[in-house]
Amino acid sequence: MRKRDHNVFTNAASLLICGLLAGVVVAAAAFPAVAMSGLAAKAGSETFGGLPSELTVARAPQISYLLASDGRTPLATMYDENRKDVKLKDISPLMQKAIIAAEDHDFYKHNGVDLNGVARAFVNNSSGGNSRQGASTLTMQYVRLAIAYSATHPADVVAATEDTSARKLREMKYALQIDKELSKDEILERYLNIAAFGNGAYGIFAASQVYFGKLPSKLDIQQSAMLAGMVKAPTAFDPTTRAGYPEAVARRDYVIQNMVDIGAINQAEADQAKAITLKVNDKRTPNGCIDTNQRTWGFFCDYFYRWWMQQETFGSTSYDRERRLKSGGYTITTTLDVQAQKGADRAVRNHLKENSKAARMVAAIEPGTGRVRAIAVNRNFKIDDPKHPQNALSSDPVKAKKKIRGNYPNTVNPLVTGGPGITGYQAGSTFKIFTLVAALEKGLPLSYTINAEKVFKSEYIVEQNSPAACPGTHFYCPVNANPKMVGVHNMWSGFGFSVNTFFIPLQQQVGAENVVKAAQKLGITFRAPSDAKFASNKDAAHQWGAFSLGVSQTTPLELANAYATLAADGKFCEPIPVEEIRGPDGNKLDIANPHCEQRISPEVARAAVDAARCPVGDHSTTSKCKTATAGNVRRIVGAPVAGKSGTTDSEKTSALVAMTKQYAVAGIMADPDWPQTNQKMGHDVPNGINPAVYETLRDAMKGKDRKEFTPPGGKIIEGDQRAIPDVTCQPIDAATSRLRGAGFEPVVSTSKVASSCPKDTAAGTSPDGRTIKGGVVSIEVSAGGAAKPGDPPPGGVVPPPPNNGRPPKPRG
């Protein structure tokens, strides 16, 4: 409909009459006896000229929708006012007629101000009766609401709604302006989108959803009439309350009859509509992360909310950012992968319920984009009601004595992602990946060998005679979790078997400060003050002896992203919970794009992944894996995998990372209320951390391609290979000297082997042939007793077995 031309004389006359009568109508409502006093008329005429000439209309608050990554599955809604603007064509014509029948019969006839209505209101209000009329047209009501939403100060909101002649006058003037600038249909559309309908519903879209669970285009006669009847007094005509239901029915029927009066429907249709029993929903639209579409998705929603609140794009203050989220009308497609999230939700709760002291926390992230695909923990995202608490007393004995309740089963703390009050948890030997990366960056190859002793006396200084010190010293002396770990290891076997006395010497060689730096490059932030103190000072970091064993705190999300960076060939991406953000105008915001940079060279990243395939039971064409600490992961996931398990002293925490090219999943099991817990956190047991991780990854990978990791190549595998001198049958001292002179690190084996060489001489070396320059070469000691080369065995002459009868030695 085109904008209508207005006669200048008619508008001027309307303005003059409005200026004179605005105060009179209001005054007559309150003081009928003085309705015609010159004071009231004077107030109206003098005030009119002082109003601003233009009405500035701000957009009313709009609801924001959060969707899963498929762009369809609802995650949550966030709003200050539950409103979504819709076009008039998407609103039932019956609803359009109903609001006119309820509020303004002559809407399509007057020019924004109904002079006849003003006169009627004056006569009614001056008669002394109980009823009062205000003579407000739909256009004037829209002006009143628009002024309130455009207000920048609370006093302006009050002025927009107070019952004064000044307010009435303002509405009349601006109604004439709006009626000139907009078509009637445009005004009707704006009114239906801004009006309040009670129960948190603002605008016709929200109202039709809240009360009838349908789109506004689908409203029938009686539904339209009920909603139209509510705008006059949403609380009084609330059909969801016992007192309001009969009032809502009576008001509905009144509007239905008015629809007959204006010719919108006939009497038969009206009678049929009135005969319908009014049925409405009694549930407000969910609002915020405590009311997500799936109750287990609250922790992901909360991570998104915390991310949003950190983005300066949405405002310079936290207040501005929250207002933008809850009133900006955004459609936000998050990164939540429904399949992965549901798998994680099942996995963390399997055999470990929400009321357990132990929290099983899992995060999944996509390598190469940083998109967070799942966040899960065996807790309810819920604020525990202090009047009727469900949470048990804290597992921390000190807090329990003070009657302080714990965070189980209900909490809104960011247990998985970290935040205020949550600095993280120790992740044990998963941190050995950072030592491995630092060593590779220093030029040491995967085949680099170290003789892992039962106890390693390091150069790191700790407290004198502490449990971590060598007896009677102040030097850190780590031991292994298993006596079988003793021996010569390369990076594949050292990582696969998680050998402490391999990694602490390796860390000492490359510099602990460089290992810390590698962790930082991979996204470890060191939230705990004690950790930050070490990490921020190079000298302090140099003495962080136990760093490789995971004594620093991290979160499952950080840990997953660190490993994801390696899976992405060294490309680090900031974790992000959104894929797309569209404003109410449909335009996309750039802030949803991934923010990535190359932090580790592809060669180093690929080599690190190659070693990380060993702990989880996988291997490549280049890897030389032996023992695995979580060897069933490859079989269960059914795809090429890499990762690492980790445990802290006394099993106070347990951790596992497992990843494919598409997902990196990290899990940590701990007691968030009491880190010094006396509870043991298990690994590959039904209620341990391992099933939570590999089941999440297995379910996420269902239907996905099985992609191979790119294997490393060149010197980063074997390094600078040198020939090992033949020291067979030489005295041990001579063999040792010769090997050291050739640039190797000789180690004398503590066990003896059968050999044709004289007893207590060198029977050979392991490896023999070639190995890396500077690598460890073990001298095997002869036990004697074997036949000498050339002596025929009983029964005939046969060629002597190779290598003096010893099994072949691995090379490198």
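For the structure itself, consult the block above.
If you're wondering where the values come from, they're calculated on a predicted model, not measured in any experiment. (Residues numbered from 1 in each chain as written. Predicted model: local features only at pLDDT ≥ 70, side-chain atom pairs only at ≥ 80, totals over all residues. Heavy atoms only, no water.)

What follows is about the overall build of the protein chain. Looking only at helices and strands, the protein chain features 28 helices and 24 strands. Within the protein chain, the proportion of its 812 residues that are buried is 54%. The contacts of the protein chain with a sequence gap of at least 6 include a subset with a gap of at least 24, amounting to 71%. For the protein chain, the exposed surface amounts to about 35,300 Å²; the carbon and sulfur share of it is 53%. (Helix = DSSP H or I, 4+ residues; strand = E, 2+ residues; numbered from the N terminus. Buried < 20%, exposed > 50% of the residue type's maximum accessible area, 1.4 Å probe, protein only. Contact = heavy atoms within 4.5 Å. Areas by Shrake-Rupley, 256 points an atom, 1.4 Å probe, with all protein chains shown as cover.)

Bringing the packing of helix 17 (residues 432-441) against helix 24 (residues 602-612) into the picture now. Orientation of helix 17 relative to helix 24, taken along the N-to-C sense of each, is 135 degrees, at an axis distance of 10 Å. As judged from the angle between their axes, helix 17 and helix 24 are oblique. When you trace helix 17 past helix 24, the crossing you get is right-handed. Touching Ile-433, Leu-436, Val-437, Leu-440 and Glu-441 of helix 17 are Val-604, Ala-607, Ala-608, Ala-611 and Ala-612, all from helix 24. Counted by class, the contact of helix 17 with helix 24 contains 9 nonpolar, no polar and 1 charged residues. (Axes fitted to C-alpha atoms, helices over the stretch in contact; angles between N-to-C directions. Parallel < 35°, antiparallel > 145°, perpendicular 65-115°, else oblique. Left-handed = near helix turned anticlockwise from the far one by under 90°. Nonpolar A, V, L, I, M, F, W, Y, C, P; charged D, E, K, R; others polar.)

Counting buried residues in strand 7 (residues 372-377) gives 6 out of 6 residues, a clear majority hidden from the surface. The pairing of strand 6 (residues 359-365) with strand 7 spans 5 bridges and is classified as antiparallel. Within the sheet, the bridge partner assigned to Met-361 lies in strand 7 and is Val-377. Where strand 6 hands over to strand 7, the hairpin turn is made up of 6 residues, of which Gly-368 adopts a positive phi near 90 degrees. (Pairing = 2+ DSSP bridges.)

Right, let's talk about the pattern of salt bridges for a bit. Opposite charge on two side chains permits pairing when their charged atoms draw close. Evaluation of the coordinates by the stated rule reveals 31 salt bridges. The residue Asp-618 makes a salt bridge to Arg-613 at a minimum N-O spacing of 2.9 Å. The class of Arg-613 is buried, set by a relative accessible area of 1%. A salt bridge links Lys-702 to Asp-699; the nearest nitrogen and oxygen atoms lie 3.3 Å apart. Through salt bridges with shared partners, a single ionic network connects Arg-295, Asp-345, Arg-349 and Glu-354. (Salt bridge = Lys/Arg side-chain N within 4 Å of Asp/Glu carboxyl O.)

Inspection of the secondary structure assignment puts Tyr-245 in helix 11 (residues 244-261). A relative accessible area of 28% places Tyr-245 in the partly exposed class. Residues Tyr-245 and Val-280, spaced 35 residues apart in sequence, show a C-alpha to C-alpha distance of 9.9 Å. Sequence-distant contacts of Tyr-245, that is, excluding residues within four places in its chain, are made with Asp-238, Pro-239, Thr-277 and Leu-278.

Another aspect to go through is the packing of aromatic side chains. Inspection of the entire model under this criterion finds 15 aromatic pairs. Ring centres of Phe-431 and Phe-434 lie 4.9 Å apart, and the angle between their planes is 80 degrees; this geometry places the pair in the edge-to-face category. Phe-431 sits in the buried class, given a relative accessible area of 0%. Exposure remark for Phe-434: the relative accessible area of 0% places this residue in the buried category. On the basis of an interplanar angle of 45 degrees and a centroid distance of 6.1 Å, the ring pair of Phe-526 and Phe-547 is categorised as tilted. Separated by 21 residues along the polypeptide, Phe-526 in the loop between helix 20 (512-521) and helix 21 (529-535) and Phe-547 in the loop between helix 22 (538-542) and strand 13 (553-554) bring together distant segments of the chain. (Phe/Tyr/Trp six-rings, centres within 6.5 Å; stacked < 30°, edge-to-face > 60°.)

Mapped onto the fold, Val-637 is located in helix 25 (residues 633-637). The class of Val-637 is buried, set by a relative accessible area of 2%.

What follows covers the sheet that holds strand 5 (residues 331-334). Strand order in the open sheet made by the 4 strands is 2-1-5-15, with mixed pairing throughout. Only two strands of the sheet have a single neighbouring strand rather than two, namely strand 2 (74-78) and strand 15 (578-582). Each strand of the sheet is rotated relative to its neighbour by a mean of 15 degrees, with strand direction disregarded. As judged from the 4 bridges shared by strand 1 (residues 64-67) and strand 2, these two strands associate in the antiparallel manner.

Here the focus is the sheet that holds strand 22 (residues 762-766). Across a sheet, strands are paired by hydrogen bonds formed along the backbone, either parallel or antiparallel in direction. Pairing is mixed across the open sheet formed by 3 strands, whose spatial order is 21-24-22. Whereas interior strands pair on both sides, the edge strands pair on one side only; in this sheet they are strand 21 (745-755) and strand 22. Each strand axis lies, on average, 30 degrees off the axis of its neighbour in the sheet, ignoring direction. Examined bridge by bridge, strand 22 and strand 24 (residues 776-785) share 4 bridges and lie antiparallel to one another. What sits directly across from Gly-764, in strand 24, is Glu-780. Its contacts with the sheet place helix 28 (residues 732-741) against strand 21, strand 22 and strand 24, and it is angled at close to 160 degrees to strand 24.

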